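Remarks on the overall topology
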Amino acid sequence: MLEMLSIIDGRFMAMVLLGSVAGLFVGAIPGLSVSMATALLVSITYTWEHSDALAMIMGVYVVGVFSGAVSAILINIPGAPSSVVTTLDGYPMSKKGQSYKALYTATIYSFTGSLFGLVALGLLATPVSRLALKFTKMDYFLLALFGLATVGSVSTKNYAKGLISVMIGLIISMIGLDPLMGTKRLTFGLQNLTGGISTVPALVGFFGFAEVLSVVYNMKQEQNVLAMEKSKISLEEVLKHWKLSLYTSTIGMLVGALPGAGGPVASFIAYNEAKRIVKDPEVPFGEGAVEGIMASESSNNACIGGALIPMLTLAVPGDAVTAIILSVFYVHGLQPGPLFIRQNPEAFHAILVAGIIACFALLILGLLVAPRICRIITIPKNIMIPVVTSLCVIGSFACNNRLFDVGLMFFFGLMGFLMRRFDYPVAPLILAMVLGKMMDSNFRQAVSLASSAENPFMAMFGHPITIILTICTLGVLLGNIPWTKKYMDKLTGMVKRK
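The following refers to the structure shown. (Residues numbered from 1 in each chain as written. Predicted model: local features only at pLDDT ≥ 70, side-chain atom pairs only at ≥ 80, totals over all residues. Heavy atoms only, no water.)

A word on the packing of helix H9 (residues 159-173) against helix H21 (residues 427-451)
Look at H9 against H21: their axes get within 7 Å of each other, and the N-to-C directions meet at 45°. Judged by the inter-axis angle, H9 sits oblique to H21. Note on packing geometry: the crossing formed by H9 with H21 is right-handed. Residues Gly162, Ser165, Val166, Ile168, Gly169, Leu170, Ile172 and Ser173 of H9 touch H21, and the partners they reach there are Pro428, Leu429, Ala432, Met433, Gly436, Lys437 and Met439. (Axes fitted to C-alpha atoms, helices over the stretch in contact; angles between N-to-C directions. Helix = DSSP H or I, 4+ residues; strand = E, 2+ residues; numbered from the N terminus. Parallel < 35°, antiparallel > 145°, perpendicular 65-115°, else oblique. Left-handed = near helix turned anticlockwise from the far one by under 90°. Contact = heavy atoms within 4.5 Å.)

Shown next as structure tokens:
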């Protein structure tokens, strides 16, 4: 404890706070990402002391993950894939004039989720990393499949439409080079598609430009000024879901510890669990339920601590940002691995302390600065539409500095608009896009490894974790397909009575 406190000085605090402010604005601007900001910091901080570099990067990381919720709530454009679920209830609340309440809830539970994940990092780094080591290639595939299987119950009343959206997302994720064979897939002769579809143009198109097209199509300019909520928000009212937030934060921390899974999977699973547990919400899920924002934000922020666990103890990054942080370690001569915490306690303590300070910076910035940004929604839509469209174009171009991505953004925007018109959910499509490549490579590697075994079926499905994930996935699927749902409901009722 004394070693941790000895790290804190004015310079260290300043670095964390500077990184936190940068993280707020980078994450809130559509098209700019936390991973992009972290990558830029690597080139800036390589001559610094490693404690200063880690302090600033942790500030960007912690607050940047939260700030993706700001644009998700205000203009329905998630600042990151992990904020996609926040749009399901955050934007409907904003349209009702409850944007301040939505941001307040997101801030409080982002703070609790981040703090939970970092405390877990300090206490459970070694045990959780051992659990993550036991996951096979098939387990990673099934974990992603389980996340996708929940889409019917979290984003649409029609489960079939949710699955169709997932299929479209998986097809889009296949575009580009085959990860194992190196051959081109679904590129249609376009060289710009060889590297695959970037997530940023897709996010901005499906959520941002699609919203612009929806507003223009409906032609309701006279109703477009959203009233800012005047009443004060009771902290006691918001914190009444604290028990559920501990559960969803645990989901986020555990999923974050699995390399490649990250915030999108955690937020979808947590949202589905919140919907299952909260039987009678004041507002239905998907229409502005506070519980939905709580589940999404607490889980995807708890992923921060979880994602750092395999990076520090196994040198395996848990998500894109920790992959970049790993490069910072190597630049500064630090070697993550099983002996890292024992050999480099000062670096480990710097990460923990910087993360915890950034949590409190998140709380202050979220409560004091985010409501000022919130005033943007009072601008009439006839002014706001050109502004949002410009942000969509700039954000898409800034991703790879090419006009082709702007064209993709317009295409996905039109596609998102048509999907909304026919009640096909967009969020499952984005999740499938993000997870598709991971599912593809892990499944094919699992099949390849099992093919050389004496019993291929047992090699693929005989692992204990694999059996649990298979049962969970089949349970979700059978519980949502109309012709099996009634039998699953009866079985669930019998179990509860016993």
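Next comes the rest of the write-up.
Points about the packing of helix H7 (residues 137-149) against H21
With their axes 8 Å apart at the nearest point, H7 and H21 run at an angle of 150° to one another. Judged by the inter-axis angle, H7 sits roughly antiparallel to H21. Where H7 crosses over H21, the two elements pack in a sense that is left-handed. Together, Lys137, Met138, Tyr140, Phe141, Ala144, Leu145, Gly147 and Leu148 of H7 and Leu431, Ala432, Leu435, Met438, Met439, Asn442, Phe443, Gln445, Ala446 and Leu449 of H21 make up the contact between the two elements. For the contact of H7 with H21, a count of residues per class yields 14 nonpolar, 3 polar and 1 charged. (Nonpolar A, V, L, I, M, F, W, Y, C, P; charged D, E, K, R; others polar.)

Thoughts on the environment of Gly90
Mapped onto the elements, Gly90 comes out in helix H5 (residues 84-95). By relative accessible area, Gly90 is classed as buried at 0%. Expressed as a C-alpha distance, the spacing of Gly90 and Ile73, which sit 17 residues apart in the sequence, is 4.5 Å. (Buried < 20%, exposed > 50% of the residue type's maximum accessible area, 1.4 Å probe, protein only.)

A short note on the pattern of salt bridges
Here the structure, examined in full by the defined rule, presents 8 salt bridges. With a shortest N-O distance of 2.9 Å, Arg444 and Asp178 are connected by a salt bridge. Taken as a pair, Arg444 in helix H21 and Asp178 in the loop between strand S1 (176-177) and strand S2 (184-185) lie far apart in primary sequence, 266 residues in all. Residue classification places Arg444 among the partly exposed residues on the basis of a relative accessible area of 25%. Where Arg444 meets Asp440, a salt bridge forms, and the shortest distance between an N and an O atom there is 3.5 Å. Within this pair, Arg444 and its partner Asp440 are both found in helix H21, separated by 4 residues, close to a single helical turn. The exposure class of Asp440 is buried, given its relative accessible area of 12%. Several salt bridges share partner residues, and in doing so they unite Asp178, Arg185, Asp440 and Arg444 into one network. (Salt bridge = Lys/Arg side-chain N within 4 Å of Asp/Glu carboxyl O.)

A look at H7
Taking 1.5 Å as the rise per residue, H7 with 13 residues should run 18 Å; its terminal C-alpha atoms sit 18 Å apart, in good agreement. Burial of H7 is extensive: 11 of the 13 residues sit out of reach of the surface. The set of residues buried in H7 consists of Met138, Asp139, Tyr140, Phe141, Leu142, Leu143, Ala144, Phe146, Gly147, Leu148 and Ala149. (Expected span 1.5 Å × (residues − 1).)

Remarks on the packing of aromatic side chains
Evaluation of the coordinates by the stated rule reveals 8 aromatic pairs. Taken together, the aromatic side chains of Phe206, Phe411 and Phe412 make up a single cluster linked through ring pairs. The ring centre of Tyr424 lies 5.1 Å from the NZ or CZ of Lys161, which sits over that ring. (Phe/Tyr/Trp six-rings, centres within 6.5 Å; stacked < 30°, edge-to-face > 60°. Lys NZ or Arg CZ within 6 Å of the ring centre and 35° of its normal.)

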